[in-house]
Amino acid sequence: MIQDLVIYAVYIGYALGVLLTFGTVLTWVERKQAAVMSDRIGANRAYVRIPFTQIKLVWWGLFHGIADGLKMLLKEDWRPKSYDWYAYAVAPWVVFTPVLLVFAVIPFGGMLDPGKLLQALPAASAWFEGRTYPMQIARLDAGLLIVFAFGGMSIIGAMLAGWSSSNKFSMLGASRAGSQMISYELVMGLTVLGLILIYGTLDLSAVVQQQSGILLGFLPAWGVFYQPFAATLFMAAAIAENKRIPFDLPEAESELIAGFYTEYSAMKMGLFMFAEFIEIAIVSALFTTLFLGGYNLPFMSDAGFTFPGNHVVPMAHGLVVVTQLLVFLGKVLLMSSFQILIRWSLPRFRYDQVLLFAWKFMLPLAIANLTVTAVAVWALNP
Amino acid sequence: MSRKPHVRRVYWNEPTMTWWERAYLFEIIRGLLITGGVFMKNMGKWMTGRKGALTTYYPEETRADYAAGNRGKHILTQRPDGSPQCIACNMCATVCPAQVIEIDAAFDATDPAHPKYPSRFEIDYSRCIFCGLCVEACPEDAIRMVKTTPGLPSADRDHMWLNLTELINWNPHSDVAKPYPPRDPAGKPGATQ
């Protein structure tokens, strides 16, 4: 259907725009937040001069992202005499692409009814023939599995990069990335299993819809209130997956220069960095979807608010759509900022500590959490 | 022959953490509260129009707490009539290890006591190392260094020179050894300001 094509083209454009914007803006947020946290000012010298005037727009250093991008694009694309140039060239893309693909199954809004939204334009409204679309690029029953499948793929890129660089630092970084990824992927999967038991579905939009209810009469039925323990473990495992401090052993700059992308320069290196920053946004989006009620405000659903005590506040469809889009972006930005807070607060683990932490500390906790959840679900839902 | 058994040396102390600390989470939350608190405090200051950083934003801001003996910008002292005390003897330029001082001497017939004076006196701050040897070499106490830095950041080395006019119009209030403003030629005491 041509209508579906239009809607999904808009969705894909929106998702790409949001992700690439987050990737750029988060570099700025990271710099500025780190600076303010440590009593500094932060990068703010880059400016855009309005042509033919002396008006220089600084905007708190927002343009440093553009300056960085330009620098990376214009730098010499140096490459080593690696024995596998194909793997070397393809590795940044193997890291970058799955990160974008994960967003395909994450819902960034509720049900969209274009006919109702375009009431002012009767012709356009009639053209959609009353179809409704979930605001999600691909609504799949196995949504969460897709997330893990694509999330696990980016490690192939890191391994390829480390292997094909023919550099011992890269090789060490790649092997570290591999073992770390295997350990934490396991923990991540086990923490989410408890949530799947409670919601009884892998479909991420169904997960979000179930979170608009009420828990214990006064709490929003968010995953973080059902599974506070799993939320903590998931966050830790997700940061480890993203290879950021305190788990940045694969690229530990004081030990391995830059780990698996030591031999990369210019925009290829930029792609690794960009993928890392987009993955911050992806992890935040995933955490928001699973634990923080997704695109909804507390007690909100597609129809409006249902507060405790059965106070119903209906909302117009247009208002709901705008609120959901904005709330999702706001939650993702907050969670990204929280991840950056963690990154600038904690020191790096030693390598043996990272693996011990995964296998001896987080994995038993995740299994215990899963067991308790399974027993509770079995006992409470006869 | 008996030897002492080999004892492996311990190079580090085993970590002694309590159970509370080994649970990681609580200590991490404590750390995050500290850094987050600093962030909120500084952010609150920025939002309310105050400065939430310890950074001195050079060159827009200059710090007020230079040490009294800090070797900063050079100044040329003046005679009571306002002419430079320098006699263009070139001793500072000779002693300068970075060779940044350039002096052109000229002849002044109207002043028999000091017939030689500098028609050009320039310092290249892109190379100056602020060692202070010029001040020690000067026989006339004509060149001194004040504690403030020469605010000369520039994208271009050619704009990091100070000439005679700029060196002689220094901030007078930070130097108490010489009366300022200088007495006028009629010989009346100064302090017309």
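Residues numbered from 1 in each chain as written. Chains lettered and ligands numbered in written order. Predicted model: local features only at pLDDT ≥ 70, side-chain atom pairs only at ≥ 80, totals over all residues.

### Topic: the packing of helix α1 (residues 2–37) of chain A against helix α12 (residues 266–291) of chain A
Residue and element names in this part refer to chain A.
(1) Moving on: Packing of α1 against α12 leaves a shortest axis separation of 8 Å and a crossing angle of 105 degrees. Between α1 and α12, the angle is such that the two are roughly perpendicular. In this structure, α1 uses Leu19, Phe22, Gly23, Leu26 and Thr27 to contact α12, whose residues at the interface are Phe274, Phe277, Ile278, Ile280 and Ala281.
(2) Moving on: Counted by class, the contact of α1 with α12 contains eight nonpolar, two polar and no charged residues. (Axes fitted to C-alpha atoms, helices over the stretch in contact; angles between N-to-C directions. Helix = DSSP H or I, 4+ residues; strand = E, 2+ residues; numbered from the N terminus. Parallel < 35°, antiparallel > 145°, perpendicular 65-115°, else oblique. Contact = placed C-beta atoms within 7 Å. Nonpolar A, V, L, I, M, F, W, Y, C, P; charged D, E, K, R; others polar.)

### Focus on helix α13 (residues 317–343) of chain A
Residue and element names in this part refer to chain A.
(1) Moving on: An ideal rise of 1.5 Å per residue puts 39 Å on 27 residues; α13 measures up with 39 Å between its terminal C-alpha atoms.
(2) Moving on: Where α13 is concerned, the buried positions are Val320, Val321, Gln324, Val327, Phe328, Lys331, Val332, Met335, Ser336, Gln339 and Ile340.
(3) Moving on: Against the buried residues of α13 lie α1, β3 (111–112), α4 (114–117), α10 (228–241) and α12. (Expected span 1.5 Å × (residues − 1). Buried ≥ 20, exposed ≤ 12 C-beta atoms within 10 Å, placed from the backbone.)

### Considering the interface of chain A and chain B
Interface size is commonly expressed as the accessible surface area that is lost when the partners come together.
(1) Moving on: Opposite the 12 residues of chain A that make contact, chain B presents 15 residues.
(2) Moving on: For the side of chain A that touches chain B, the secondary structure elements donating two or more residues are α1 and α13 of chain A.
(3) Moving on: In terms of residue count, the dominant contributor to the side of chain A that touches chain B is α1(A) (three residues).
(4) Moving on: Residue classes in the side of chain A that touches chain B are distributed as seven nonpolar, three polar and two charged.

### Remarks on the sheet that holds strand β5 (residues 161–162) of chain B
Residues and elements named next belong to chain B.
(1) Moving on: The three strands are arranged β2-β3-β5 in an open sheet whose pairing can be described as antiparallel. Of all strands in the sheet, those bounded by a partner on one side alone are β2 (101–107) and β5.
(2) Moving on: For β2 and strand β3 (residues 116–124), the ladder comprises seven bridges, and the chain directions are antiparallel. In the strand pairing of β3, phenylalanine 107 is matched with lysine 116. (Pairing = 2+ DSSP bridges.)

### Some points on the nonpolar core
(1) Moving on: Grouped together as the largest cluster of nonpolar side chains are 88 residues, with contacts concentrated most on A:Val187, A:Phe234, A:Ala237, A:Ile278, A:Ala281, A:Ile282 and A:Phe287.
(2) Moving on: Looking at this core, the element that brings in the most residues is α12(A), giving 15 residues.
(3) Moving on: Each residue touching A:Ile278, except ones within four places of it in the same chain, is listed here: A:Leu19, A:Phe22, A:Gly23, A:Val99 and A:Leu100.
(4) Moving on: B:Ile101, B:Cys134, B:Ala142 and B:Ile143 belong to the second-largest nonpolar core, a separate cluster that totals 18 residues. (Core = buried A, V, L, I, M, F, W, Y, C linked by C-beta atoms within 7 Å.)

### Brief notes about α10(A)
Residue and element names in this part refer to chain A.
(1) Moving on: Between the first and last C-alpha of α10 there are 20 Å, a value that for 14 residues agrees with the 20 Å anticipated at 1.5 Å per step.
(2) Moving on: Among the 14 residues in α10, 12 count as buried, and that is most of the element.
(3) Moving on: The complete set of buried residues in α10 reads Ala230, Ala231, Thr232, Leu233, Phe234, Met235, Ala236, Ala237, Ala238, Ile239, Ala240 and Glu241.
(4) Moving on: One or two residues past the end of α10 sits lysine 243, with phi positive at roughly 60 degrees.

### Brief notes about the confidence of the model for chain B
All names here are of chain B.
(1) Moving on: Looking at chain B as a whole, its pLDDT mean stands at 81, while 87% of the residues score no less than 70.
(2) Moving on: Within the model, pLDDT remains below 50 along residues 187–193, and this stretch shows eight contacts once partners closer than five positions in the same chain are excluded.
(3) Moving on: Interface confidence for the predicted complex, given as ipTM, is 0.82, next to a pTM of 0.79. (pLDDT = per-residue confidence, 0-100.)

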